[in-house]
Amino acid sequence: MAEYGAHVASTSISERPSIFTALAQENLMSAVRPALKHVCKILAEKWPSELHWLYRYSNELHLLLDLILQHYCLKKLSASFAENFYGMKRVALCEAEAGAKLPFKVRTKSLIFLVFVPYFKSIADQLFERWREEDADGRLLSQASRSSQYIRIFLAVYPYIHLSYEATMLCYQMAFIFGKSRFHSPFLQLANIRLRNLNMQDILSVQAGGRDRKLAQDGDGQGSMARKLLEEATSLAAAGLASGLSAGVFFLQFLEWWYASDHNIRRAVTSLPVPDPPKGVYAIQLPPGLCPLCKKLLTNETALVTSG
């Protein structure tokens, strides 16, 4: 992988990741959800009879794929997909050894904060936007049910919850920047883990672990064949999803750069100064009520949409 090569080429690597890589890995997964939703929308519009449900349940589909991917990465690599993509790993505070795997309890907490918390946060954001539009249109005022009252309470309370969430994240990030905290996010502290950069020993440990698991599966002749096939299928699906997502991430970054460059070019063109009108065009004085082209009386006054 590309991030492995970057660390192999470096001779002196700080164990503590920078705030830029920490924030970049968080923004990476947040960009995948709208991209997947857009793909589901395109497929549902192209085959509406067969895939009409795909766009409706795009959030749940993203939850399922994210759960499989993050579980695979946490179990095999001791990091989320985005953290491993940027050359980092998770280390439990109770087990600070370089090659130690994450305990089951720590992996479970990490899955909750990596998968389920962003899912419920996105659902709450979508509900807030939809209900706020309905309230602005007056559709909530026409409903006198108890559910509409709960919706109004949610619309009044959720902005303060969102503000508290963002303020807490900002405080942790500022403390991480100035070296006052080992955590750039409160979720890392709640999961009792910290992030550190990968080193050569971590890379060799991952490769050796893969070979040991293959030998153990080949030597275990008494195990359940169905369980082996299920684990192998899950691992292959997660590995394929990780590889495809790695290529998709580069494609997303290319699209963001492309559209940003195109927007900058358009903005540069529109920001040019407007030239002065040509002289001599308005020198002809016509009496009011005459057409400037045929010099006859106006019968149907019209304003042009465009000129020039």
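In case you missed it, the structure is sitting above this.
Some words on the overall build of the protein
For the protein, the helix and strand inventory stands at ten helices and two strands. Within the protein, the fraction of its 308 residues that count as buried is 28%. Entry remark: accessible area of the protein is about 21000 Å², with carbon and sulfur atoms responsible for 64%.

Observations concerning the environment of Lys75
Checked against the element boundaries, Lys75 lands in helix α4 (residues 58-77). Sequence-wise, Lys75 and Arg107 are 32 residues apart; in three dimensions their C-alpha atoms are separated by 7.6 Å. Aside from chain neighbours lying at most four places away, what touches Lys75 is Lys101 and Arg107.

A word on the pattern of salt bridges
With the rule as written, the count across this model stands at four salt bridges. The shortest N-O distance in the salt bridge between Arg194 and Glu15 comes to 3.4 Å. Of this pair, Arg194 sits in strand β2 (residues 193-197) while Glu15 sits in the loop between α1 (2-9) and α2 (19-46), and the two are 179 residues apart along the sequence. Classification of Arg194 as buried rests on a relative accessible area of 16%. A salt bridge links Glu83 to Arg90, with the shortest nitrogen-to-oxygen separation between them at 2.9 Å. When its relative accessible area of 1% is taken as the criterion, Glu83 is described as buried.

Details of the side chain of Ser58
Residue position: Ser58 is located in helix α4. On the accessibility criterion, Ser58 (4% relative accessible area) is buried. Looking at Ser58, its side chain comes within polar contact range of the main-chain oxygen of Tyr55, at 3.2 Å. Discounting chain neighbours no more than four positions away, the residues touching Ser58 are Lys37 and Cys40.

Concerning the packing of α2 against helix α3 (residues 48-56)
One way to put it is that α2 packs onto α3 with a least axis distance of 7 Å and a crossing angle of 155 degrees. What the angle tells us is that α2 and α3 run roughly antiparallel. The element α2 and its partner α3 pack so that their crossing is left-handed. Of the residues in α3, those touching α2 at Lys37, Cys40, Lys41, Leu43, Ala44, Glu45 and Lys46 are Pro48, Leu51, His52, Leu54 and Tyr55. A breakdown of the residues in the contact of α2 with α3 according to their chemical character gives seven nonpolar, one polar and four charged.

Quick word on a nonpolar patch on the surface
Together, Tyr150, Ile153, Val157 and Ile161 make up an exposed nonpolar region whose accessible area comes to about 400 Å². Take Val157: it is sitting in helix α7 (residues 146-177).

A look at the pairing of β2
Most of β2 is tucked away: five of the five residues are buried. Residues Ile193, Leu195 and Asn197 point to one face of β2 and Arg194 and Arg196 to the other, with burial holding for every one of them.

A short note on the nonpolar core
Core analysis: the largest hydrophobic core is formed by 15 residues, its most contacted members being Leu74, Leu102, Val106, Val115, Leu188 and Ile193. When residues of this core are traced back to their parent elements, those giving at least two are α4, β1 (88-92), α6 (104-137) and β2. If one sorts the elements of this core by residue count, α6 sits on top with five residues. In this view, Val115 contacts Leu63, Asp66, Leu67 and Gln70; residues no more than four positions away in its chain are not counted.

Structural notes on α7
The terminal C-alpha atoms of α7, which comprises 32 residues, lie 46 Å apart, in line with the 46 Å expected from a rise of 1.5 Å per residue. Ser148, Ile151, Leu155, Tyr158, Met169, Gln173 and Phe176 are the residues of α7 that are buried. Against the buried residues of α7 lie α2, α6 and α8 (186-190). Gly179 occupies a position one or two residues after α7 and carries a positive phi of about 75 degrees.

Definitions and limits used
- Residues numbered from 1 in each chain as written.
- Predicted model: local features only at pLDDT ≥ 70, side-chain atom pairs only at ≥ 80, totals over all residues.
- Heavy atoms only, no water.
- Helix = DSSP H or I, 4+ residues; strand = E, 2+ residues; numbered from the N terminus.
- Buried < 20%, exposed > 50% of the residue type's maximum accessible area, 1.4 Å probe, protein only.
- Areas by Shrake-Rupley, 256 points an atom, 1.4 Å probe, with all protein chains shown as cover.
- Contact = heavy atoms within 4.5 Å.
- Salt bridge = Lys/Arg side-chain N within 4 Å of Asp/Glu carboxyl O.
- Polar contact = N/O pair within 3.5 Å; in protein donor to acceptor, adjacent residues only side chain to side chain.
- Axes fitted to C-alpha atoms, helices over the stretch in contact; angles between N-to-C directions.
- Parallel < 35°, antiparallel > 145°, perpendicular 65-115°, else oblique.
- Left-handed = near helix turned anticlockwise from the far one by under 90°.
- Nonpolar A, V, L, I, M, F, W, Y, C, P; charged D, E, K, R; others polar.
- Patch = residues over 30% accessible without salt bridge, like charges linked within 9 Å, V, L, I, M, F, W, Y side chains within 5 Å.
- Core = buried A, V, L, I, M, F, W, Y, C linked by side-chain atoms within 4.5 Å.
- Expected span 1.5 Å × (residues − 1).

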